[in-house]
Amino acid sequence: MRSRIASSIRNYLDDNGFLDIETPILTRATPEGARDYLVPSRTHPGQFFALPQSPQLFKQLLMVSGLDRYYQIAKCFRDEDLRADRQPEFTQIDIETSFLDEDQIMDISETMIRGAFKEHLDVDLPEFPRMTHKEAIYRYGIDRPDLRISMQLVDIADLMKEVEFKVFNAPANDPASRVVVLKVDGGSELSRKQIDEYTDFVGIYGAKGLAWVKVNDIDAGIEGLQSPILKFMPDDVVASVLERAEAKSGDILFFGADKAGIVNEAIGALRVKLGEDLDMLECEWAPLWVVDFPMFEQDEKDGSLTSVHHPFTAPSCTPEELEAAPAAALSRAYDMVLNGTELGGGSIRINKPEMQQAVFRVLGIEAEEAEEKFGFLLNGLRYGCPPHGGIAFGLDRLVMMMTGSQSIRDVIAFPKTQSASCLLTDAPGTVNNKQLRELNIRLREQPKAESAESDGGSE
RNA sequence: GGGGGUGUAGCUCAGUUGGUUAGAGCGCUGGCCUGUCACGCCAGAGGCCGCGGGUUCGAGUCCCGUCACUCCCGCCA
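Colleague: Explain the pairing of strand β9 (residues 211-215) here, please?
Modeller: Regular strands have side chains that alternate between both faces of the sheet. Most of β9 is tucked away, with 5 of its 5 residues classed as buried. Alternating positions in β9 separate into two faces, Ala211, Val213 and Val215 on one and Trp212 and Lys214 on the other, with burial throughout. Bridging between β9 and strand β11 (residues 252-259) involves 4 bridges; their strand directions are antiparallel. When the sheet's bridge partners are listed, Lys214 is paired in β11 with Ile252. Relative to strand β10 (residues 225-226), β9 runs antiparallel, the two being bridged by 2 bridges. In the strand pairing of β10, Val215 is matched with Leu225.

Colleague: It is not clear to me how the pattern of salt bridges should be interpreted in this structure. Could you clarify?
Modeller: Side chains bearing opposite charge may pair, as long as their charged atoms lie close to each other. Overall, the coordinates contain 29 salt bridges when judged by the stated rule. Ionic pairing is found between Asp185 and Lys183, a salt bridge with its closest N-O pair at 3.3 Å. For Asp185, a relative accessible area of 38% corresponds to the partly exposed category. Across the pair Lys248 and Asp251 runs a salt bridge, and its minimum N-O distance is 3.3 Å. By relative accessible area, Asp251 is classed as buried at 1%. Three or more residues joined by partner-sharing salt bridges are found here, namely Lys59, Asp94, Glu96 and Arg349.

Colleague: How do you make sense of the sheet that holds β9 when you look at a structure like this?
Modeller: Each strand in a sheet pairs with its neighbour through backbone hydrogen bonds, running either in the same direction (parallel) or in the opposite one (antiparallel). Taken together, 5 strands build an open sheet; the order of strands is β7-β8-β11-β9-β10 and the sheet is antiparallel. Strand pairing shows two members of the sheet lacking a second neighbour, β7 (153-155) and β10, which therefore form its edges. Along the sheet face, helix α9 (residues 260-277) touches β7, β8 (177-184) and β11 and points at about 155 degrees away from the line of β11.

Colleague: Just checking my understanding: could you explain the protein's contact with RNA strand B for this structure?
Modeller: As a structural note, the neighbourhood of RNA strand B is formed by 23 residues, with Glu80, Asp81, Arg86, Arg409 and Gln418 the closest of them. Backbone atoms, meaning sugar and phosphate, form 54% of the atoms of RNA strand B found within 4 Å of the protein. In the environment of RNA strand B, a phosphate oxygen lies 2.8 Å from a nitrogen or oxygen atom belonging to the backbone of Gly33.

Colleague: For this particular structure, what's the right way to read the sheet that holds strand β12 (residues 287-291)?
Modeller: Strand order in this open sheet of 8 strands is β1-β4-β5-β17-β16-β15-β12-β6, and the pairing throughout is mixed. Only two strands of the sheet have a single partner each, and these edge strands are β1 (19-20) and β6 (130-132). By the bridge criterion, 5 bridges tie strand β16 (residues 341-348) to strand β17 (residues 388-394) in an arrangement that is antiparallel. Bridge pairing in β17 links Gly346 to Ile391. In the packing of helix α1 (residues 2-15) onto the sheet, the strands contacted are β1, β4 (69-77) and β5 (89-98), and the crossing angle to β4 comes to about 150 degrees. Against the sheet, helix α2 (residues 56-64) contacts β4, β5 and β17, and its axis sits at roughly 20 degrees relative to β5.

Colleague: Even after reading the chapter, I still don't get the packing of aromatic side chains, so can you show me in this structure?
Modeller: For any pair of aromatic rings, the description consists of the separation of the ring centres together with the inter-plane angle of the planes. By the definition in use, this model includes 11 aromatic pairs. Between Phe128 and Trp289, the aromatic rings sit 6.4 Å apart at their centres with planes inclined by 45 degrees, giving tilted as the arrangement. Linking Phe128 in the loop between α3 (102-121) and β6 with Trp289 in strand β12, this pair joins segments that are 161 residues apart in sequence. Under the relative-accessibility criterion, Phe128 is labelled buried at 5%. Assessed through its relative accessible area of 0%, Trp289 is described here as buried. Taking the centre distance of 5.3 Å and the plane angle of 90 degrees together, the rings of Phe312 and Phe374 count as edge-to-face. With Phe312 in the loop between β14 (305-307) and α10 (319-324) and Phe374 in helix α12 (residues 367-383), the pair connects residues that are 62 residues apart, well separated along the chain. Neither residue differs from the other here; Phe312 and Phe374 are each classed as buried. In this structure an aromatic cluster arises from ring pairing among Phe165, Phe168, Phe232 and Phe255.

Colleague: In this structure, what is going on with unusual backbone geometry? I would like to understand it.
Modeller: With the exception of glycine, most residues fall at negative phi, and the peptide bonds are largely trans. The peptide bond linking Ala427 to Pro428 adopts the cis configuration, its omega dihedral lying at 0 degrees. Tracing the backbone through its elements, the reader meets Pro428 in the loop between α13 (395-402) and α14 (433-438). Even without being a glycine, Asn339 presents a positive backbone phi close to 50 degrees. Here Asn440, not a glycine, exhibits a phi torsion of approximately 60 degrees, which is positive. Relative to the helices and strands, Asn440 is located in the loop between α14 and α15 (449-452). By relative accessible area, which is 54% here, Asn440 ends up exposed.

Colleague: Looking at this structure, I do not really get the packing of α1 against α3. What am I missing?
Modeller: Working note: a packed helix pair is described by the angle between its axes plus the distance between those axes. The contact between α1 and α3 brings their axes to 10 Å, and the two run at 140 degrees. In terms of their interaxial angle, α1 and α3 are classed as oblique. Both α1 and α3 take part in a crossing whose hand is right-handed. Only Ile108, Thr111, Met112, Glu119 and His120 of α3 make contact with α1, whose side of the interface consists of Arg4, Ile5, Ser8, Ile9, Tyr12 and Leu13. Residues that form the contact of α1 with α3 fall into these classes: 6 nonpolar, 3 polar and 2 charged.

Colleague: Please clarify how the nonpolar core should be interpreted in this entry.
Modeller: The nonpolar side chains of a soluble globular protein tend to be buried, and buried together. Ranked by internal contacts, the top residues of the largest apolar core, which has 52 residues, are Leu13, Ile93, Met112, Ile113, Phe117 and Leu398. Sequence-distant contacts of Met112, that is, excluding residues within four places in its chain, are made with Ile9, Tyr12, Leu13, Ile93, Ile95 and Phe393.

Colleague: Sorry if this is basic, but what is going on with the side chain of Lys214 here?
Modeller: Along the polypeptide, Lys214 turns up in strand β9. Buried charge without a partner: Lys214 forms no salt bridge, and the closest opposite charge is Glu189, 8.3 Å away. In terms of polar contacts, Lys214 uses its side chain to reach the backbone carbonyl oxygen of Leu190, at 2.7 Å.

Parameters at a glance
- Residues numbered from 1 in each chain as written.
- Chains lettered and ligands numbered in written order.
- Predicted model: local features only at pLDDT ≥ 70, side-chain atom pairs only at ≥ 80, totals over all residues.
- Heavy atoms only, no water.
- Buried < 20%, exposed > 50% of the residue type's maximum accessible area, 1.4 Å probe, protein only.
- Helix = DSSP H or I, 4+ residues; strand = E, 2+ residues; numbered from the N terminus.
- Pairing = 2+ DSSP bridges.
- Salt bridge = Lys/Arg side-chain N within 4 Å of Asp/Glu carboxyl O.
- Contact = heavy atoms within 4.5 Å.
- Axes fitted to C-alpha atoms, helices over the stretch in contact; angles between N-to-C directions.
- Near = heavy atom within 4 Å.
- Polar contact = N/O pair within 3.5 Å; in protein donor to acceptor, adjacent residues only side chain to side chain.
- Phe/Tyr/Trp six-rings, centres within 6.5 Å; stacked < 30°, edge-to-face > 60°.
- Parallel < 35°, antiparallel > 145°, perpendicular 65-115°, else oblique.
- Left-handed = near helix turned anticlockwise from the far one by under 90°.
- Nonpolar A, V, L, I, M, F, W, Y, C, P; charged D, E, K, R; others polar.
- Core = buried A, V, L, I, M, F, W, Y, C linked by side-chain atoms within 4.5 Å.
- Lys, Arg positive; Asp, Glu negative; His and termini not counted.

In short, shape yes, function no, at least from these values alone.
Have a look at this one:
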C-alpha cells in the first residue's frame with residue numbers, strides 16, 4: 001500500500017510538471033525548532049554536519065534558481081522523542097512551486113490527496129472546508145480539529161464574571177484565561193466513576209478539575225439538574241448556560257476554566273476522547289484546511305517570539321505592520337488536517353530581503369547571525385526571487401491513516417523503537433577508538449564496561 | 001525528565017482468592033482421510049512464565065528492584 005501510494009503521488013506530480021530533485025543529507029542545521037542529528041566531519045576536525053529536518057532551504061533555493069516546480073519524497077530527521085505518529089526519522093512528500101499562490105497550492109495538494117484516496121481506498125473525500133486558526137482554537141481548542149466529532153467548546157466567561165465561585169470567576173475575569181462548556185449528548189448516562197476518570201484525563205493536560213452538570217430533565221428547571229457546583233451559581237446563570245449550550249434532557253455538561261492554553265488542550269482532548277469513547281464519530285473521513293495561522297507565538301516564560309511555522313513564512317501584512325504588532329500578524333501558512341491529524345502543512349515564503357530581515361528582527365536574530373546561518377538564502381532573495389511557496393506531507397502519517405494503522409511504525413519497514421534505537425541492527429552502537437581519533441572526538445563519559453570491551457575489534 | 005500499560009509455547013493470548021503435571025487457537029512434526037483449493041480426524045514436539053532479589057510450607061500470581069517494548073505529558077509541527 002505504501003509503495004503504491006508513493007507511486008501514484010509521484011505519477012501525479014510528474015504529470016503536473018514537477019521535477020523530482022534530491023537534496024543533501026549531510027548539511028547544515030535547518031530552521032525548524034527540533035534538535036538536530038549531528039554527524040562529525042573527518043576532514044574538518046571539530047565540525048559537524050546536521051541531518052536535515054526538512055529540505056526547506058534547498059527547495060527555496062531551487063525556486064531562486066528558476067526551477068519552478070519541485071518535489072521530493074525526502075527523508076527528514078528530528079532528534080525528538082517518539083509518539084504513535086512520530087519517529088525521529090520520517091518521510092515527507094516535499095513540494096515547492098513558484099508563481100502560485102496559496103489557493104493554487106492548496107488546490108494541487110487537495111487534488112493529490114483526494115486522488116490517492118480514490119485510487120487506493122475508493123473513497124471520495126468531500127471538498128475540504130477551510131477554517132481559520134482562530135476559529136479552530138475557539139471551537140475545538142486545537143489547531144487540528146477532528147471534525148468527525150461535532151461537539152464544540154462554548155465560551156461562557158461572560159456569564160461567570162459575577163458568580164461566587166472562584167474556580168470560575170477568576171478565569172472569567174482574566175483575559176488570558178477561558179471558561180468553556182462542552183455539552184455531551186446523552187452523557188448523563190456516565191457513572192461517577194467514569195466522570196472521575198475523565199477528571200484524571202484532563203489532569204494530564206494541567207487542568208485542576210472537571211466540573212460537570214447532568215441534565216436529567218431540562219423542563220424541571222434546577223430540580224432536573226444534578227451537579228456538585230450548582231450551589232455556587234445563581235439559577236439565572238445556570239439557565240443561561242443551559243440555553244447557550246443547547247442542553248437537553250439526558251446530556252451532561254463539562255466545564256473547563258483555567259488559563260486559555262490549559263482549557264484548550266484539556267477540553268479539546270476531552271472532546272476527542274468522549275467522541276471516541278461514546279462512539280460519536282459522525283463520518284469516516286473529515287478533512288479540512290486550517291489557514292490564517294499567527295506568525296509568531298510567545299514563549300510563556302520569557303515572552304520571546306518564535307515562528308509558528310518557520311522564519312521564511314510570509315506574513316499577510318507589510319514589514320512595517322509586522323514589526324509594529326508582531327503578535328497580531330497572520331501568516332500565509334496552511335495545514336491540511338484529516339481526522340484530527342496534521343497530514344501536511346506549508347506556506348507562501350518570503351521573497352523579499354526587507355521582509356525577511358524584518359522577521360529576523362522580530363525573532364531577535366541579529367543581522368550577523370542571520371547572515372551566517374542563512375546568508376546563502378538571503379543572497380538569493382537579493383538577486384531576485386520569484387514569489388513561491390510549498391507544502392510538505394508526512395508520508396508515514398498519510399499511509400498510516402489510509403491503512404487504518406494505530407502507529408506510524410506499522411507502516412515503516414525498519415522502524416525505530418520508542419527510545420529511537422533499532423532492535424534489528426542494534427543501532428546506535430559504540431565505535432572504536434580509532435574511528436573516534438580520526439574524527440577528533442573524545443567521549444566525555446567512557447562507555448559501560450561491557451561495550452568498552454568491543455573497542456578495537458567490532459568488524 | 002514524569003505518569004500509565006504490557007512482558008507466559010514460533011505467533012496471538014488465557015491463567016480465577018498464591019496450591020499438585022502452566023492452558024487455548026493458529027503454526028510446526030508424524031499418521032489417517034479426502035473432489036482438495038482458509039480441508040477434516042488422530043497423535044506429538046515445543047515454555048529459564050523478561051531478569052534479579054524478597055515474603056511464604058508453596059509464587060506465573062503478592063512485595064521490592066531492574067531491563068525491554070508500548071501509550072501519554074513534557075519535547076516536537
